[in-house]
Amino acid sequence: MSCKCGSHSTFRDDVTGNLVCSKCYTVLDFDNYEAQIGGITGPKGSNIHIGYAGTGSLFSYKDKKIFQAKTLIHEYTLNLNISYSESDVTSMINEITEGQFGQGDWFNVLIGACSYVVMRRDNRFLPAAEVAEVVGCDVYELGRMIARVVKFLNLSLPKVSIAGLFERELNNSMRLENVDEEKKERMMKQGIFLVNCAVKWFLTTGRRPLPVVAAVMAFVGELNGVEGLKIEDVAKNFHAVVSTCKLRYKELLEALVKVAQMLPWGKDVTVKNVVKYVPFVIRYMEMKSMEAPGGGERGEKFDLDDVVTECLQKVAAYGDDENYIEGNSQYFEGGRDRSDFPRVSNDNDIDNLKLSHECLSLIYTKFLNEVDDDRLKGKGRKVHGRKSRGLELHACKDWWSGKSEFSKKLLLKQILEKEIGLDVMPPSFIAGCKYNERRRKKINAAKVRIDKIMDPSKTSSDGSGNFNSSEVICAGKKRKRRQSSEIDWEDFVIEALLLHRVKEEDIEKGHYKALLGLHVFNSGMV
């Protein structure tokens, strides 16, 4: 046997028995090779053991699979910031798989589902969208796995608290690291208050909670002058769709505008300037929420005489008596004795104050004008020897007390029992009613067209029978109005369903595909 160096001179080592080159002392390969013959009854190999994973490995296939599964569980729980629940997640997966664990994409989804279920079971909050992004799956796939886990373990999970979800996201927000604790605590209470208001106004009914939480977070950030909390950035951090978050933000502003209509200057409040009036609106809702259910005594005791007297005395500092509305100037003299004012013994005597809405609106307008002038000058004014409060109305802390129960996490029953100045129907229900009305008009128009074709004699001579759905449908602001002779695909579908004698109540529901498959395409089948 020749060596790689070209020498054919070899000798055998006395200790190892290997053949060695006498020139370069290299151990020659394949010298002690023995062929394994005899099939399964042959001698056992010296290096590879049948049934074991890897060359010279001491772990079996099952042990290695369990080790890799636990490593993956540790990695995912660490990325989700729930390392304290790693043992609970591991034990739940061990119970589901009967100690076999697993590997592959399905096992990653199972880890995410068990992580969500463990946090939900312990009344902690972990968004499913965040879990889906970490484990690398779709939200719907994760939801199906969560449902299977809950059904298999026969669990009863508590309901999701949207206020608790807002609290978690606010505490974990990286954009609030430089905000002082006092402002952060105020933002927390204001956000929980608005989240409870959103639940009261059914903005979360039948919808995902994260877009509502993102909208409230952006609104509270704008209200307190915190930078970096734009709706786009917040939606990205919450793993929510930006367009949905903007829609919830708009719905929140519209609800606040409706509440502001109860105030004397409510007609001036719009969606564009509602942030300027929000301190007054929230203060109004906060006081309404502290009223006892049923319109009884207020939860916070105060003397109405003292409040009115103090307010009227402060008003005198913002203008001259000659600018006041005639008939109301008697209440604007700060030096008058309080006994001259009408006494208010109960809520029924509130009309004795004789203050018109025009007067209150003028007072408020003059106050805002003076605040705007001071803002332009960059300094404050002294009123009656006291320096006026901050120039930015929404940055002023005095309007927020945080004493209302609405600033705490409440149950749904407690939220619905509270009064905050506005009771509305769910937006989804209102939209559904509008769509039903729209389909009803389309059905009536289709019936007129069908009758005109089947019996032309019923058509009036003045052409009133030429009626179609486009004449009764209100187009959007950005959508051009259709021509009177234009008919869309929905009109043809409704006509086909009516000709196949489908009930009008079923057509109003709008399930056209199912109705076509049931009554039109399969109408001849038994």
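Note that the coordinates shown come from a computational prediction; the quantities given were computed from them, not determined experimentally. (Residues numbered from 1 in each chain as written. Predicted model: local features only at pLDDT ≥ 70, side-chain atom pairs only at ≥ 80, totals over all residues. Heavy atoms only, no water.)

1. Considering the side chain of S7
When you line up the elements, S7 lands in the segment before β1 (10-12). A polar contact of 3.2 Å, which involves the side chain of S7, links it to the backbone nitrogen of S9. Not counting the four nearest positions on each side in its chain, S7 is found in contact with S2, C21 and K23. (Helix = DSSP H or I, 4+ residues; strand = E, 2+ residues; numbered from the N terminus. Polar contact = N/O pair within 3.5 Å; in protein donor to acceptor, adjacent residues only side chain to side chain. Contact = heavy atoms within 4.5 Å.)

2. Side note on the packing of helix α6 (residues 162-172) against helix α7 (residues 181-200)
Between α6 and α7, the least distance of the axes is 9 Å, while the angle of their chain directions is 150°. Taken as axis vectors, α6 and α7 run roughly antiparallel relative to one another. For α6 against α7, the interelement crossing comes out right-handed. Counted together, I162, A163, F166, E167, L170 and N171 of α6 and K184, M187, M188, G191, I192, V195, N196 and V199 of α7 form the full contact between these two elements. Here the contact of α6 with α7 is built from residues that sort into nine nonpolar, three polar and two charged. (Axes fitted to C-alpha atoms, helices over the stretch in contact; angles between N-to-C directions. Parallel < 35°, antiparallel > 145°, perpendicular 65-115°, else oblique. Left-handed = near helix turned anticlockwise from the far one by under 90°. Nonpolar A, V, L, I, M, F, W, Y, C, P; charged D, E, K, R; others polar.)

3. Some details on the pattern of salt bridges
Inspection of every chain in the model, using the stated rule, returns 19 salt bridges. Between E251 and R207 there is a salt bridge; the shortest N-O distance is 2.7 Å. Taken together, the positions of E251 in helix α10 (residues 242-260) and R207 in the loop between α7 and α8 (209-223) put the pair 44 residues apart, joining distant regions of the chain. Judged by its relative accessible area of 13%, E251 falls in the buried class. R440 is paired through a salt bridge with E504; the nearest N and O atoms lie 2.7 Å apart. (Salt bridge = Lys/Arg side-chain N within 4 Å of Asp/Glu carboxyl O. Buried < 20%, exposed > 50% of the residue type's maximum accessible area, 1.4 Å probe, protein only.)

4. Side note on helix α2 (residues 86-97)
The end-to-end C-alpha distance of α2 is 16 Å, a good match for the 16 Å that 12 residues give at a rise of 1.5 Å each. Inspection of α2 places V89, T90, M92, I93 and T97 among the buried residues, and these make up the whole buried set. One side of α2 carries all its buried residues, which in axial view fall inside an arc of 165°. Of the exposed residues in α2, those oriented more than 90 degrees away from the buried face are S87 and E95. At its buried positions, α2 is contacted by α1 (61-79), α3 (105-121) and α5 (139-153). Downstream of α2 by a residue or two, E98 has a phi angle that is positive, lying close to 55°. (Expected span 1.5 Å × (residues − 1). Arc of directions from axis to C-beta.)

5. A look at empty space enclosed by the protein
Applying the stated criterion across every chain, the model contains three cavities of 30 Å³ or more. There is about 40 Å³ of room inside the second largest cavity. Lining of the second largest cavity is provided by A198, L203, V212, A215, V216, R248, E251 and L252. Elements represented by at least two residues in the lining of the second largest cavity include exactly α8 and α10. (1 Å grid on protein atoms, 1.4 Å probe; cavity = no way out; pocket = protein on both sides within 12 Å on 5 of 7 lines; lining within 4 Å. Points joined across faces, edges and corners; volume = space filled by probe spheres on them.)

6. A word on unusual backbone geometry
The phi angle at H239 is positive, at roughly 60°, despite the residue not being glycine. Along the chain, H239 turns up in the loop between α9 (231-237) and α10. For H239, a relative accessible area of 31% puts it in the partly exposed group.

7. Section: the packing of aromatic side chains
For the structure on display, the rule yields five aromatic pairs. The interplanar angle of 90° and the centroid separation of 6.2 Å between the aromatic rings of W489 and Y512 together place this pair among those described as edge-to-face. Taken together, the residues W489 in helix α16 (residues 489-499) and Y512 in helix α18 (residues 512-520) connect sequence positions 23 residues apart. (Phe/Tyr/Trp six-rings, centres within 6.5 Å; stacked < 30°, edge-to-face > 60°.)

8. So, the packing of α8 against helix α11 (residues 274-289)
Axes are the key here: two packed helices are described by the angle between their axes and the distance separating the axes. Contact pair α8 / α11: the axes reach a minimum separation of 10 Å and the direction vectors enclose 100°. Overall, the two elements α8 and α11 adopt an arrangement that is roughly perpendicular. Along its contact with α8, which presents F219, E222 and L223, the element α11 presents V275, V278, P279 and I282. For the contact of α8 with α11, the per-class residue count stands at six nonpolar, no polar and one charged.

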